[in-house]
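Descriptive structure summary
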Amino acid sequence: MSGLCCRLYVDLMSSFHNPCIVACFLSQRLAEIARSQAIVDEANKLVDPLQHFAAFQKFDRNGLQLTVECKRVSEMSREDLDWTFQLTKDNMQELYDTGGWRWHDGKTRGELEHENSWFIVARDSDSPVGFVNFRYELGDDDTEICYCYEVQVEEVCRSKGLGKFLLQILELLCHRAKMKKIVCTVLKVNDRSLQFFRNKLKYSGDSSCPTQFDLLNADDYCYEILSKPLSL
C-alpha cells in the first residue's frame with residue numbers, strides 16, 4: 001500500500017468509523033493508482049518516442065544545425081552518460097554549493113543513470129551539446145507524471161532557443177504518453193532557470209512545493225517545485 005493510501009485509510013477511518021465504507025473508498029483509490037501505474041508502464045515500453053515527430057528531430061536556427069534523438073538510459077553509451085554528468089556538474093555544482101544543497105557526484109550520477117531514465121539529446125554532428133533527463137513515474141499523489149530532472153546545454157549553444165526547444169519536445173512526448181503534468185525542481189538561487197520555466201514555458205508552483213502549503217516558513221526552503229499541467 002502506498003504512503004498516500006495509508007494516510008487516506010487513517011483519514012477515512014477517523015471520519016467514518018465504518019470499515020465497509022473505508023474499504024470501498026480504498027478499493028476505488030487503489031484501482032485508480034493501478035490505472036496510473038499502467039499508463040507509466042506503457043510509456044516506459046516505448047522504443048522510439050520521437051518517431052512520430054519528424055519535424056522535431058532537427059534544430060536549425062540561430063546558427064545551430066543539430067539533430068535530436070530520444071533514448072532510454074540503457075541505450076546511451078558510456079561516453080554520452082559521462083558527458084551528461086560532467087556538463088551537469090560544470091553547470092550546477094556552484095549553484096548547489098551556494099544555494100543550500102551540497103553537490104554530490106554519486107547522487108547526481110545515480111539520478112542520471114536511474115534505470116527508468118530517458119534522455120532527449122541534441123547533437124552537432126556526433127558531439128552532444130544539450131540534453132533533457134526525465135522519467136515517467138507516479139507523482140506524490142500517485143498520478144502519472146513526467147519528472148524533468150535535468151535540462152543542460154553547452155555554453156556555446158545557450159541563448160539560442162535550444163533549451164526551450166528540447167522542453168517543447170518533452171511536452172509532446174508527455175502528451176502522447178498521457179502524462180498529466182511535467183514537474184521539475186529549481187533552486188531559488190538559480191533565478192535564470194526560474195524565470196525560464198515560469199515566463200517562457202508557463203510553469204507555476206506545484207501543489208507538492210513546500211512554499212505552496214508552508215507559507216509561514218517559505219523562506220526556509222532553498223528550492224521551488226514547478227509544474228505544467230498537460231491537457232489530454
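Bear in mind the structure is a predicted one, so any value in this text is a computation, not a measurement.

**Things to note about helix α5 (residues 162–176)**
Its 15 residues give α5 an end-to-end C-alpha distance of 21 Å, which sits within 8% of 21 Å, the value for a rise of 1.5 Å per residue. Listed as buried for α5 are L162, G163, F165, L166, L167, I169, L170, E171, L173 and C174.

**Overview of the pairing of strand β8 (residues 223–229)**
With 5 of its 7 residues buried, β8 lies for the most part within the structure. In this structure, strand β6 (residues 181–187) lies alongside β8, joined through 7 bridges in antiparallel fashion. Along β8, the bridge assignment pairs K181 with P229. As judged from the 2 bridges shared by strand β7 (residues 204–205) and β8, these two strands associate in the antiparallel manner. Looking at β8, one finds that S204 is bridged to S227.

**Section: the packing of α5 against helix α6 (residues 191–200)**
Their axes nearest at 12 Å, the elements α5 and α6 cross at an angle of 55 degrees. The angle between α5 and α6 places the two elements in the oblique class. Like other packed secondary-structure pairs, α5 and α6 cross with a definite hand, here right-handed. Across from G163, K164 and L167 in α5, the residues of α6 making contact are F196, F197 and K200. Counted by class, the contact of α5 with α6 contains 3 nonpolar, 1 polar and 2 charged residues.

**Side note on a positive patch on the surface**
A cluster of basic residues, K164, R192, K200 and K202, forms a positive patch at the surface. Among the residues examined, K200 registers a relative accessible area of 55% and is labelled exposed.

**Some details on the side chain of N190**
Relative to the helices and strands, N190 resides in the loop between β6 and α6. Setting aside residues up to four positions removed in sequence, N190 forms contacts with M92 and L95.

How each quantity is defined
Per chain, residues are indexed from 1 in the order of the written sequence. Only residues with pLDDT of at least 70 are given local features in this predicted model, and only at 80 or more are side-chain atom pairs given and counted; all residues enter the totals for whole chains, interfaces and linings. Computation of side-chain values covers all heavy atoms of the structure but excludes hydrogens and water. A run of H or I in DSSP counts as a helix once it spans at least four residues, and a run of E counts as a strand once it spans at least two, with each numbered from the N terminus. Expected helix span is computed as 1.5 Å times (number of residues minus one). The rule is simple: take the accessible area with a 1.4 Å probe, protein chains only, and divide by the maximum for that residue type; under 20% is buried, over 50% is exposed, in between is partly exposed. At least two DSSP bridges between two strands are needed for those strands to be called paired. Here an angle of 0 to 180 degrees is reported between the N-to-C directions of two axes, which are lines fitted to C-alpha atoms, with helices fitted over the stretch in contact. With respect to orientation, any angle under 35 degrees is reported as roughly parallel, any angle over 145 as roughly antiparallel, any angle of 65 to 115 as roughly perpendicular, and every other angle as oblique. Take the far helix as the reference: if the near one is turned anticlockwise from it by less than a right angle, the crossing is left-handed, and if turned clockwise, right-handed. Note on contacts: a residue pair is in contact if any heavy atoms of the two residues lie within 4.5 Å. Just so you know the grouping, Ala, Val, Leu, Ile, Met, Phe, Trp, Tyr, Cys and Pro go in nonpolar, Asp, Glu, Lys and Arg go in charged, and all remaining residues, Gly too, go in polar. A residue counts toward a patch only above 30% relative accessible area and without a salt bridge, and it is joined to like-charged neighbours within 9 Å or, for Val, Leu, Ile, Met, Phe, Trp and Tyr, to nonpolar neighbours within 5 Å. For every accessible area listed, the method is Shrake-Rupley and the probe measures 1.4 Å; residues are considered covered only by the protein chains on display. We define a salt bridge as a contact between a side-chain nitrogen of Lys or Arg and a carboxyl oxygen of Asp or Glu at a distance within 4 Å. Residues counted as positive are Lys and Arg, residues counted as negative are Asp and Glu, and His and the chain ends are not counted. By convention, the charge on Lys lies at NZ, on Arg at CZ, on Asp at CG and on Glu at CD.

Everything listed is a geometric property; what it means functionally is a separate question.
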